[in-house]
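What follows is each chain in one-letter form.
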Amino acid sequence: MQIDYLSDLHIDKYVDKNELLEDRKFDELFDPIITKDNRRVGDVLVIAGDLGINNNQNLRLLKFLKSYYSNIICVLGNVDYHLVDSSMVEKYKTSFKRVEEMRMLINKEKNLYCLNGNSVEIDGIRFGGADSWYDGSYNDLKEKFNYETMNDFWKARTDDAKYIYGVEYFDDIYSMEEKKVRIAYAESDVMITHVSPAKLISYIPDKYLSVIASFYTFDGWCLRYDGAKHWIFGHFHEAIEYQFPNSECLCKCNPFGLPFESNYGKNVVMKSFEI
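*Asks:* Outline the pattern of salt bridges, supporting the account with residue identities and numerical values.
*Replies:* Under the defined criterion, the tally for this structure stands at eleven salt bridges. We note a salt bridge from Arg40 to Asp43, for which the minimum N-O separation is 2.9 Å. Arg40 sits in the partly exposed class, given a relative accessible area of 45%. Take Asp43: its relative accessible area is 29%, and that puts it in the partly exposed class. The closest approach of N and O atoms between Arg182 and Glu178, which form a salt bridge, is 3.5 Å. Here Arg182 and its partner Glu178 are both found in helix H8 (residues 172-186), four residues apart, which amounts to about one turn of the helix. Assessed through its relative accessible area of 30%, Glu178 is described here as partly exposed. Three or more residues are tied together by salt bridges with common partners; here these are Arg40, Asp43 and Glu274.

Here it is, written out as structure tokens:
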């Protein structure tokens, strides 16, 4: 099986967030990436979170991508929790209602899967996934701020604090996701989370090496011995690959990213692996 993988599509940054798009607009963005140089298109596409801020638009994109892939498997990212204007707040009240709707819309479609601490088997390969979240543990290695200072920094410096409704602290969602990650990882060949499971400096892109890294990673090292051999993640807007020491688990991130990062998709290369 060939597995193609991306993360951080942020489709609302490429088109108007309220526009229900015609397929040709998606085609302009994604066809050159998926079919470049007549590459073999994978059997499965994995998307490791951050689809965009409009649920219906996100679903439309996934259904378009199904024209290339037999199966698409995703988790949701921090941006998929955002309520960015008063109309979204009025509609959903809390970010968790928006997330619940997004999962429901995806999972109603044939061969589209939005995982939430569970797994799905396709042709003998089991894919496990959970949104995951950051836990602030990078701070224990480097900055060593106290918890309240960390939370103040999160509130001052992140969009998550501004746009996620229904939480008070930076690690509230981590406390909900930790068990889901453990369960999904233990029963999977391929694990999918939005957030990187390694907090070590050597596995974090240089541009994130500050206290902000505390909101980009979680400590998943205790999981590395038993479970998936491949771990796909996102959140970093920079391609990265690393292997857990003393483990067969290879972790990889391949973001689509924001328009200025991707040159409107022209710099994005679809990555894949065989299993």
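*Asks:* Break down the pairing of strand S10 (residues 250-253) for me, with residues and values.
*Replies:* Side chains on a regular strand alternate between the two faces of the sheet. Pairing analysis gives four bridges linking strand S8 (residues 230-233) to S10, with the strands arranged parallel. Each residue of the ladder has a partner; that of Phe233, found in S10, is Cys253. When strand S9 (residues 240-243) meets S10, the two strands line up antiparallel, connected through four bridges. Across the sheet, Ile240 pairs through a bridge with Cys253, a residue of S10. Here S9 hands over to S10 after six residues, with Asn246 in that stretch at a positive phi of 55 degrees.

*Asks:* Run through the packing of aromatic side chains, naming residues and quoting values.
*Replies:* A complete count under the given rule lists 25 aromatic pairs for this structure. Measuring from ring centre to ring centre gives 5.0 Å for Tyr185 and Trp231, while their planes differ by 35 degrees; the resulting arrangement is tilted. Here Tyr185 is found in helix H8, whereas its partner Trp231 is found in strand S8, with 46 residues between them in sequence. By the burial criterion, Tyr185 is buried, and Trp231 matches it. Seen in terms of ring centroids, Tyr203 and Tyr242 are 4.3 Å apart; in terms of plane orientation they differ by 10 degrees. Their pairing is stacked. Of this pair, Tyr203 sits in the loop between strand S7 (190-192) and S8 while Tyr242 sits in strand S9, and the two are 39 residues apart along the sequence. The structure contains a cluster of three or more aromatic residues connected by ring pairs, namely Tyr174, Tyr185, Tyr203, Tyr208, Tyr216, Phe218, Trp231, Phe233, Phe236, Tyr242 and Phe244. Of note, Lys252 hangs over the ring of Phe273, and the distance from its end group to the ring centre comes to 3.9 Å.

*Asks:* Tell me about helix H6 (residues 147-157), residues and numbers included.
*Replies:* Within the sequence span of H6, burial applies to Met150, Asn151 and Trp154. Viewed end-on, H6 has its buried residues packed into an arc of 95 degrees, placing them on one side of the element. Residues of H6 that are exposed and angled more than 90 degrees away from the buried face: Ala156 and Arg157. Looking at where H6 begins, the residue whose side-chain oxygen comes 3.2 Å from the main-chain nitrogen of Glu148 is Asn146.

*Asks:* Help me get a handle on unusual backbone geometry, residues and values and all.
*Replies:* Backbone geometry follows two general trends: most residues other than glycine have a negative phi, and most peptide bonds adopt the trans configuration. Positive phi is not limited to glycine here, since Asp8 has a value of about 55 degrees. As for its placement among the helices and strands, Asp8 is situated in the loop between strand S1 (2-6) and helix H1 (23-34). The phi angle at Asn111 is positive, at roughly 65 degrees, despite the residue not being glycine. With a relative accessible area of 25%, Asn111 lands in the partly exposed category.

*Asks:* Talk me through the nonpolar core; I want residue IDs and the actual numbers.
*Replies:* With 71 residues, the main nonpolar core has Phe30, Ile47, Leu65, Ile106 and Trp231 as its most contacted residues. Apart from the residues lying within four places of it in its own chain, the contact partners of Ile47 are Leu6, Leu9, Leu62, Leu65, Ile72, Ile73, Cys74, Val75 and Ile192. Grouped together as the second largest cluster of nonpolar side chains are 17 residues, Ile73, Ile122, Ile125 and Ile232 included.

What counts and what doesn't
Residues numbered from 1 in each chain as written. Predicted model: local features only at pLDDT ≥ 70, side-chain atom pairs only at ≥ 80, totals over all residues. Heavy atoms only, no water. Salt bridge = Lys/Arg side-chain N within 4 Å of Asp/Glu carboxyl O. Buried < 20%, exposed > 50% of the residue type's maximum accessible area, 1.4 Å probe, protein only. Helix = DSSP H or I, 4+ residues; strand = E, 2+ residues; numbered from the N terminus. Pairing = 2+ DSSP bridges. Phe/Tyr/Trp six-rings, centres within 6.5 Å; stacked < 30°, edge-to-face > 60°. Lys NZ or Arg CZ within 6 Å of the ring centre and 35° of its normal. Arc of directions from axis to C-beta. Polar contact = N/O pair within 3.5 Å; in protein donor to acceptor, adjacent residues only side chain to side chain. Core = buried A, V, L, I, M, F, W, Y, C linked by side-chain atoms within 4.5 Å. Contact = heavy atoms within 4.5 Å.

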